Amino acid sequence: MSEVTRSLLQRWGASFRRGADFDSWGQLVEAIDEYQILARHLQKEAQAQHNNSEFTEEQKDAFIYPPTHPYWLQPLKTIGKIATCLELRSAALQSTQSQEEFKLEDLKKLEPILKNILTYNKEFPFDVQPVPVRRILAPGEEEHLEFEEDEEEGGAGAGSPNSFPARVPGTLLPRLPSEPGMTLLTIRIEKIGLKDAGQCIDPYITVSVKDLNGIDLTPVQDTPVASRKEDTYVHFNVDIELQKHIEKLTKGAAIFFEFKHYKPKKRFTSTKCFAFMEMDEIKPGPIVIELYKKPTDFKRKKLQLLTKKPLYLHLHQTLHKE
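Here's a quick rundown of the structure. Being a predicted model, the structure only gives us computed values, none of them experimental.

Points about the sheet that holds strand β2 (residues 183–193)
Picture the strands of a sheet paired through backbone hydrogen bonds; they go either parallel or antiparallel.
Part 1 of the argument: Strands sit in the order β5-β6-β2-β11-β9 across an open sheet of five strands; the sheet is antiparallel. Here the strands that pair on one side only, and so sit at the sheet edges, are β5 (228–230) and β9 (285–289). Looking at each pair of strands side by side, their axes are set apart by 25° on average, direction ignored.
Part 2 of the argument: Where β5 and strand β6 (residues 233–241) come together, three bridges link them in antiparallel fashion. Among the inter-strand pairings, E230 is bridged to a residue of β6, identified as Y233.

Set out below in structure tokens:
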């Protein structure tokens with residue numbers, strides 16, 4: 001085993017134990033954060049090696065890798081399943097239901113599997129599937145690809161059911177503890193209006209809070225895949241808990257909403273459009289905000305409206321103050 005591989009496995013193991021420790025101590029916010037960070041690292045590793053050009057598409061899709069290959073070309077499917085379980089445990093900690101769907105003792109069964117991922121060849125202990133390995137583009141990266149947004153997919157999704165299939169939950173975080181004199185914000189993402197809403201595959205929204213220089217002020221959160229699509233709307237009906245008290249946000253900060261969807265012909269997830277809300281727009285009640293063309297401009301310097309049609313992102317804000 002190379003030093004690089006040994007170091008990688010040690011970091012994964014340490015992250016797994018930190019998350020489980022936080023979980024057992026009742027530090028749920030820290031546990032969720034650690035689980036989601038590790039899940040993303042595992043998914044990123046699987047994704048990077050899935051794109052290795054040495055293998056055919058059939059081998060990649062089936063995760064068929066000869067055991068003589070180095071570690072990173074072996075059990076990608078198992079890595080993906082562990083990532084799924086981490087997401088499931090994270091979602092269970094965020095659930096308001098009394099019965100947890102994926103328990104800590106279940107998750108702990110995965111630690112020896114992760115530790116021995118080089119040689120693990122038994123049946124996975126849980127009936128889960130890895131998150132689909134898909135290329136996720138950085139903001140603006142899709143601008144370099146030679147295709148037009150309106151021409152892609154050829155109407156893929158038209159005639160499909162109005163409900164989306166169940167997917168692994170997103171990366172939403174619970175509400176922060178309240179502090180005297182401080183205000184917390186819950187944003188319900190109700191729906192987004194798009195002329196081609198019915199063609200969007202596995203759509204979700206990435207929510208982030210940025211300063212004037214585009215630097216993150218809070219952890220980035222992804223919604224689960226949309227609940228349904230209807231006419232020119234994609235419906236989410238999901239709550240986002242802002243991970244910082246309003247009074248602690250820097251002057252000029254803004255909350256960004258990036259609408260993303262999967263493009264099967266290109267095999268990646270891309271940003272279709274974005275919206276943002278500035279601090280003076282934080283008020284209790286409903287609000288609709290305009291949609292802008294990609295790439296996402298976190299510095300808000302060169303903004304172009306997505307459409308002249310009356311299509312917006314529909315939100316509802318709730319303020320919580322001690």
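Structure's up, so let's keep going.
Overview of unusual backbone geometry
Part 1 of the argument: Cis geometry is found at the peptide bond from K294 to P295, where omega equals 0°.
Part 2 of the argument: Checked against the element boundaries, P295 lands in the loop between β10 (292–293) and β11 (313–321).
Part 3 of the argument: The phi dihedral of D202 is positive, around 50°, even though this residue is not glycine.
Part 4 of the argument: Relative to the helices and strands, D202 is located in strand β3 (residues 201–210).

Regarding the nonpolar core
Part 1 of the argument: With 33 residues, the main nonpolar core has I189, I255, F257 and L313 as its most contacted residues.
Part 2 of the argument: Elements with a contribution of two residues or more to this core: β2, β3, β6, β7 (254–263), β8 (268–278), β9 and β11.
Part 3 of the argument: Leaving out residues up to four positions away in the same chain, I189 has contacts with I205, V207, T223, F236, N237, V238, I240, F257, L313, H314 and L315.
Part 4 of the argument: Ranked by size, the runner-up nonpolar core spans 31 residues in total, among them A20, A39, L42 and L86.

About the criteria used
Residues numbered from 1 in each chain as written. Predicted model: local features only at pLDDT ≥ 70, side-chain atom pairs only at ≥ 80, totals over all residues. Heavy atoms only, no water. Pairing = 2+ DSSP bridges. Helix = DSSP H or I, 4+ residues; strand = E, 2+ residues; numbered from the N terminus. Axes fitted to C-alpha atoms, helices over the stretch in contact; angles between N-to-C directions. Core = buried A, V, L, I, M, F, W, Y, C linked by side-chain atoms within 4.5 Å. Buried < 20%, exposed > 50% of the residue type's maximum accessible area, 1.4 Å probe, protein only. Contact = heavy atoms within 4.5 Å.

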